[in-house]
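Overview (structure and organization)
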Amino acid sequence: MTDLLNRPGDGASDDAEGLAVEPITQWDLFIARLRRHRLAMISSIFLFVVIIISFVVGPLLKCDKGATECEFPQLWDHTQGLKDDDDRLLVNIAPRGSIPFGTDELGRDVLTRVVRGGQASLTVGIVTGLLVASLGTVVGALAGYYPGVVDQALMRFTDLILGLPLLPVAIVVGRLLPELTFLPDWMQSGPWGIAFLLGFLLWGSLARIVRAEFLSLREKEFVEAARAAGASDRRIIFRHILPNAMSPIIVQTTLIIGAAIIIEAALSFLGFGVRPPTPTWGGMAASGAGVAVRGFWWELVFSASALVMTVLAVNFIGDGLRDALDPTQTIERK
Amino acid sequence: MTDVIQPATIPGVGDLPSDVLIRVDGLVKEFPIKRGVFFKKQIGAVQAVSGISFEIKSGETLGLVGESGSGKSTAARCILRLLEPTAGNVYFQKTQDHGADLPPIVEIAHADKQTMRILREEMQIVFQDPFASLNPRMTVASIVSEPLIVHGVGSAEERLEKVKDLLRVVGLSPEHTNRYPHEFSGGQRQRIGIARALALNPALIVLDEPVSALDVSIQAQVLNLLADLQDELGLTYLFIAHDLSVVRHISDRVAVMYLGKLVEVADRDDMYERPMHPYSHALLSAVPIPDPELELKRKRILLEGDIPSPANPPAACRFHTRCPKFVEGHCDTEEPMLRELEPGHWAACHYPEVQQLF
């Protein structure tokens, strides 16, 4: 053995001598590749700002003192309308200095409601995304790795879920949610209930994708090599198959996050989503659309732009993550 | 003249001669053909391997040759239990202690999971495609150290040292540990695959067409590496290939497969200079000779037709549909057994004939 250790390479490694590189971890490479993706970086910053504003700044600035005593920004209360000195509601005020986004048909400050609405929309998007990612991956992985009875049972169940008509079911269950008293309060009303509902309705497509990936990766020679080394099923699934199936999972999950935000908007538009007066971008777009035909465009435009920009940002981030997670993407080594 | 390889009776101590590392006995692998969407009915079976028997001695290289679809790789995967054999036995003489209650000779084909896990330290495989056999998301270090991790060998630092040693052994630079497979050429990747196979100090390495995906010049390098490793580490190889010159270069003995059966087994020179089975004649006559004058004079035996479907193989001698020596009423009714026609030279043919090809 010692003889072999000292033997010079058969010419295959000549180029490697003297090229000792600093150990670059997978994480370093991931970060470096993500940084290179400009659109994803901009989107990340944008989304980060949106999240901070919706979840931190918005609630902090909330003013409970009532309509007349709060100062600018006019009224960080999304339920009360603005009133003038004569105690008349300032309905459908166009954007101006102190009311940059204008007011809606009930006189409520649109900026306040856009900020607060982000909370509901983002909660629905993120919670649904996490739920779909975990459910879909587990079901798809089990079905793809264990053929036969497990696969058949799980996939027929998936077919059943995929066969449910999304909007009708979501409308009916969304309508029933507040009346299901056995559920905890936070599930009955508000974005969490909708998020769980959408999560359970949307994981089917991801499960199918993950199963297909597992079916093809399971037969790869590197998986066979791991098996020949004596690796356990768990190790094969988590070390060999799942990392190679990550790109479609991430892409599909980001698409689902975007879709969930939009579906929640649609449900709120139809009146079956998050209950008023809690604002959501979808609900605001709905009421904004009603007044926009009369020329009061601001509520619709601002809420819909927030919605579209957020969904776009999520999709761009998914794009960047997929590229960054692929080690065959080239980056220069320093 | 009439010795037939008998299935070994009861596996036990002393059943295997001490110089035999592994004995394959009547190995059969069937793949079911299923039809139906919901309730899959088995409507038939493809017999990829139909009862083959052979032995490999410690330290030797057995070359296994045959056309695509003849069952070479399937047989090898059954021996390693990467596929579950349908029938037959595989006896393995262990070379390490493993600290477990294993008998000196272990029957692999029916061994339980735990036994198999231990035995995997003794038998490893190098795959054909160096691009598919390395996980693209793992660094060289994690690929080569995986068998060590799985078998709980050493600490993280010890394993890294071992990986560097292994990379040196296969002619790569130890600085390559943090690179990914796609940063290497085909030959280098195959070396990584070999390093992985060596990690647990196995006794047997199955080489499943390890050079057929490489350039000819790289083939020579890898073959020489394999030969050196065998000398230094006392490895035993089961070398699967369809390139007959490569097999001749590296093998001590050669076995020829046709449609899931062994048709001839002989020492290398015996096989290449005096083949007895008509299929071997045809196969070997296709090897080009690197001498233009001899090449012009050499006799070529051309076979008619294609290899028949293994789902519906010809009765009796499976080669009779294409055999130039086919005798009606004999070859298609009675199956020829693999007989030792000369010392160490086995062939399965009713009408064997030594044929000088060169």
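Not measured: the values here are computed from a predicted model.

Looking only at helices and strands, chain A features 13 helices and zero strands. Secondary structure elements in chain A, listed N-terminal to C-terminal, are α-α-α-α-α-α-α-α-α-α-α-α-α. If you take every contact in chain A between residues at least 6 apart in sequence, the share linking residues at least 24 apart comes to 69%.

Helix and strand counts for chain B come out as 10 helices and 12 strands. Relative to the globule expectation of 21 Å for 358 residues, the C-alpha radius of gyration of chain B, 21 Å, shows essentially globular dimensions. On the principal axes, the C-alpha backbone points of chain B span a range of 70 × 55 × 50 Å. Going through the 358 residues of chain B one by one, you find that 46% of them count as buried. Taking contacts inside chain B between residues at least 6 apart in sequence as the whole, the part at least 24 apart equals 64%.

Attention now goes to the confidence of the model for chain B. All names here are of chain B. Chain-level pLDDT for chain B is 85 on average; 93% of the residues reach the 70-or-more range. Here residues 1–14 scores under 50 on pLDDT; set against residues more than four positions off or in separate chains, the count is 23 contacts. Scored as a complex, the prediction yields pTM 0.78 and ipTM 0.83.

This paragraph deals with the sheet that holds strand 5 (residues 105–107) of chain B. Residue and element names in this part refer to chain B. Strand order in the open sheet formed by four strands is 2-1-4-5, and the pairing between neighbours is antiparallel. Every interior strand has two partners, whereas the edge strands, strand 2 (41–57) and strand 5, have only one. Within the sheet, the average angular offset between the axes of one strand and its neighbour, ignoring direction, is 20°. In this structure, strand 1 (residues 20–35) lies alongside strand 2, joined through 13 bridges in antiparallel fashion. Among the inter-strand pairings, Val24 is bridged to a residue of strand 2, identified as Phe54.

Okay, helix 12 (residues 281–292) of chain A next. When we look at burial in helix 12 of chain A, the residues that qualify are Trp281(A), Gly282(A), Gly283(A), Met284(A), Ala285(A), Ala286(A), Ser287(A) and Gly288(A). Those residues of helix 12 of chain A that are buried lie in contact with helix 4 (110–145), helix 11 (246–270) and helix 13 (298–324) of chain A.

With that out of the way, let us pick up the sheet that holds strand 3 (residues 61–65) of chain B. All names here are of chain B. What the eight strands build is an open sheet, ordered 6-7-8-3-9-10-12-11; its pairing is mixed. A single partner strand is all that each edge strand has here, and the edge strands are strand 6 (123–126) and strand 11 (339–342). Between one strand axis and the next, the sheet turns through 20° on average, direction left out of account. Bridge count for strand 3 against strand 8 (residues 236–241) is five bridges, and the pairing is parallel. Paired with Leu64 across the two strands is Ile240, which belongs to strand 8.

Before going further, it helps to examine the nonpolar core. Core analysis: the biggest nonpolar cluster contains 162 residues, and Leu198(A), Ala195(B), Val206(B), Leu238(B), Phe239(B), Val256(B) and Leu262(B) have the highest contact counts within it. Not counting residues up to four positions away in its chain, the partners in contact with Phe239(B) are Thr61(B), Leu62(B), Gly63(B), Leu64(B), Leu207(B), Val247(B), Ile250(B) and Ser251(B).

This part covers the environment of Gly187(B). Residue and element names in this part refer to chain B. Among the structural elements, Gly187 can be located in helix 5 (residues 186–198). With 22 C-beta atoms counted inside 10 Å, the residue Gly187 sits in the buried group. Spatially, the C-alpha atom of Gly187 lies 9.6 Å from that of Ser217, the residues being 30 residues apart in sequence.

It is worth spelling out helix 11 of chain A at this point. Taking 1.5 Å of rise per residue, 25 residues should cover 36 Å, and helix 11 of chain A covers 35 Å from first to last C-alpha, within 8% of that figure. Following helix 11 of chain A by one or two positions, Gly271(A) has its phi on the positive side, about 95°.

Now for the environment of His98(B). Residue and element names in this part refer to chain B. Along the chain, His98 turns up in the loop between strand 4 (87–93) and strand 5. His98 sits 20 residues away from Ile118 along the chain, and the two C-alpha atoms are 7.1 Å apart. Look past the residues within four positions of His98 in its chain and what remains in contact with it is Ile118 and Glu121.

Cut-offs used in this document
Residues numbered from 1 in each chain as written. Chains lettered and ligands numbered in written order. Predicted model: local features only at pLDDT ≥ 70, side-chain atom pairs only at ≥ 80, totals over all residues. Helix = DSSP H or I, 4+ residues; strand = E, 2+ residues; numbered from the N terminus. Contact = placed C-beta atoms within 7 Å. Rg over C-alpha atoms; globule rule 2.2 N^0.38 Å. Buried ≥ 20, exposed ≤ 12 C-beta atoms within 10 Å, placed from the backbone. pLDDT = per-residue confidence, 0-100. Pairing = 2+ DSSP bridges. Axes fitted to C-alpha atoms, helices over the stretch in contact; angles between N-to-C directions. Core = buried A, V, L, I, M, F, W, Y, C linked by C-beta atoms within 7 Å. Expected span 1.5 Å × (residues − 1).

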